[in-house]
Amino acid sequence: MIKVVLFALALSTAIILALLAVAYFHQITIVYRDDSNGLVFREDPKIIGETDDKICYIHIYDIAQRGSSQILPTQYPELYRLNINSINISISYDIWIGINASIKSASTNRTVLTAGTLLLNSIKDASVRVFEVNKSSSIELERIIREELRRSQYSDYIPLVVGEGYRRVIDYVEQVAIKEMMCSPSRLFTGMISNLTVYRFQWLCPTSDLPHIGNVHVVEMCLNRGALISILLGGFMRIDKVIDLVANATRYNLSGDAIKAIVYSLTLPFVLDSIMAMNYNIVLSPQAVHIWRALAFLLAFVSGIFLHYRLRPEEYSGFIRFFRRLRRRIGG
């Protein structure tokens, strides 16, 4: 029984030693995967900012809300190494973008009018940035937003701040950001709605490491003021004009239902979805110390076999006869 155990331990250790030696010179991939994990779904904008040349939507969400870093184990045995090939935070909005479309033909089609469509002359008229901030900074940011909204002289129907108020909000975010990601548009879908060609985009935001649990993402999505948005009242209208209608609803004598319809059109396309996509592999990557340890165990088990042979040589008589026959046949 002891003989069997010693031989089994020696053989398994020899196999492990050979595997470690191969992996020391040539990395062996254990796992290769593409994973994705939702960070936030259906997040409404916290604030809308209006400046001289653009309209911006700000979203704030906790990264821990969907357990973003649970995409991977947090601890690895020392024999293994994680290689992250790419990480992308994708930002998606409910926007169908018609580029260089005919406003006249689009505005005569009722299907388009209820689709939450945004018309741009170019996708470059929209830009997205993602900032990662810690929890204490996000609490202070929320306080600044509430303060600026109280100062705002515009309608209570939308969380609108203008000029210096919005500048103060975004300046604070830029100052405290642990990480800033510039996002690039990626076309997801091309289709036709009546005579209007529409495109569906998401924005990909490459990053070098995983979002840190406990931190917060602040997403800024900005549009050219001349962007045209479909409204439920009918037709397309410049987005800055739509905001002006709501902000000055009493001056335009708008009814409550009309205001609600316009606000719905103004915020519906800009509800945020965010997903983290990651490509990585886990490789067996032993160091010299691991090989020396395996070699030491192998020597210990071989020594145990030798000592057991010296004490109980009769148990090895079958092995000795086999090796003698094998040697005579090889020797001729």
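Computed from a prediction, not measured in an experiment: that's the story for all the values here.

1. Section: the overall build of the protein
Inference 1: The helix and strand tally for the protein stands at nine helices and 14 strands.
Inference 2: Here the contacts in the protein between residues at least 6 apart in sequence split such that 79% fall between residues at least 24 apart.
Inference 3: Here the protein displays about 18100 Å² of accessible surface, and carbon together with sulfur accounts for 56% of that area.

2. Points about the nonpolar core
Inference 1: Judged by nonpolar contacts, the single largest core of 49 residues is most densely connected at I91, Y93, W203, M221, I239 and F270.
Inference 2: Contact partners of I91, with chain neighbours within four places excluded, come to Y61, V128, V130, Q202, W203, C205, V219, L272, D273 and S274.
Inference 3: Among the nonpolar cores identified, the runner-up in size contains 18 residues, and V161, Y166, Y172 and V216 belong to it.

3. Considerations on the sheet that holds strand β2 (residues 47-50)
Through backbone hydrogen bonds, the strands of a sheet pair up, either in parallel or in antiparallel fashion.
Inference 1: Taken in spatial order, the six strands line up as β7-β2-β3-β11-β6-β8 in an open sheet, and their pairing is mixed. In this open sheet, the two edge strands, each paired with only one partner strand, are β7 (160-162) and β8 (179-182). For this sheet the average axis-to-axis angle between neighbouring strands, irrespective of direction, equals 20°.
Inference 2: Of the strand pairs in this sheet, strand β3 (residues 54-62) and strand β11 (residues 216-224) are connected by nine bridges, and their pairing is antiparallel. Each residue of the ladder has a partner; that of Y61, found in β11, is H217.

4. What to know about helix α4 (residues 135-151)
Inference 1: Between the first and last C-alpha of α4 there are 25 Å, a value that for 17 residues agrees with the 24 Å anticipated at 1.5 Å per step.
Inference 2: What α4 keeps buried is the set S137, S138, L141, I144, I145, E147 and E148.
Inference 3: At its buried positions, α4 is contacted by β2, β3, β6 (126-133), β7, α5 (164-176) and β11.

5. Let's talk about the packing of α4 against α5
Inference 1: Packing of α4 against α5 brings their axes to within 9 Å, and their N-to-C directions diverge by 175°. Looking at the two axes, α4 sits roughly antiparallel to α5. In this structure, α4 contributes S137, E140, L141, R143, I144, I145, E147, E148 and R151 to the contact, and α5 contributes G165, R168, V169, Y172, V173 and V176.
Inference 2: Its residues placed into classes, the contact of α4 with α5 shows seven nonpolar, two polar and six charged.

6. A look at the pairing of strand β14 (residues 272-284)
Inference 1: Burial runs high along β14: ten of the 13 residues are buried.
Inference 2: With twelve bridges connecting them, strand β1 (residues 28-43) and β14 associate as antiparallel partners. Counted as the bridge partner of N37 is M276 from β14.

7. As for the side chain of S92
Inference 1: Relative to the assigned elements, S92 resides in strand β4 (residues 80-99).
Inference 2: S92 gets classed as buried once you look at its relative accessible area, which sits at 14%.

8. A closer look at the pairing of β2
In the case of a regular strand, side chains alternate between the two sheet surfaces.
Inference 1: Residues I47 and G49 point to one face of β2 and I48 and E50 to the other, with burial holding for every one of them.
Inference 2: Pairing of β2 with β3 involves four bridges; the strand directions are antiparallel. Each residue of the ladder has a partner; that of I48, found in β3, is Y57.
Inference 3: Connecting β2 to the next strand, β3, in antiparallel fashion are three residues.
Inference 4: Across three bridges, the pairing between β2 and β7 is parallel. From the neighbouring strand, I48 faces β7, where its bridge partner is L160.

The rules we used
- Residues numbered from 1 in each chain as written.
- Predicted model: local features only at pLDDT ≥ 70, side-chain atom pairs only at ≥ 80, totals over all residues.
- Heavy atoms only, no water.
- Helix = DSSP H or I, 4+ residues; strand = E, 2+ residues; numbered from the N terminus.
- Contact = heavy atoms within 4.5 Å.
- Areas by Shrake-Rupley, 256 points an atom, 1.4 Å probe, with all protein chains shown as cover.
- Core = buried A, V, L, I, M, F, W, Y, C linked by side-chain atoms within 4.5 Å.
- Buried < 20%, exposed > 50% of the residue type's maximum accessible area, 1.4 Å probe, protein only.
- Pairing = 2+ DSSP bridges.
- Axes fitted to C-alpha atoms, helices over the stretch in contact; angles between N-to-C directions.
- Expected span 1.5 Å × (residues − 1).
- Parallel < 35°, antiparallel > 145°, perpendicular 65-115°, else oblique.
- Nonpolar A, V, L, I, M, F, W, Y, C, P; charged D, E, K, R; others polar.

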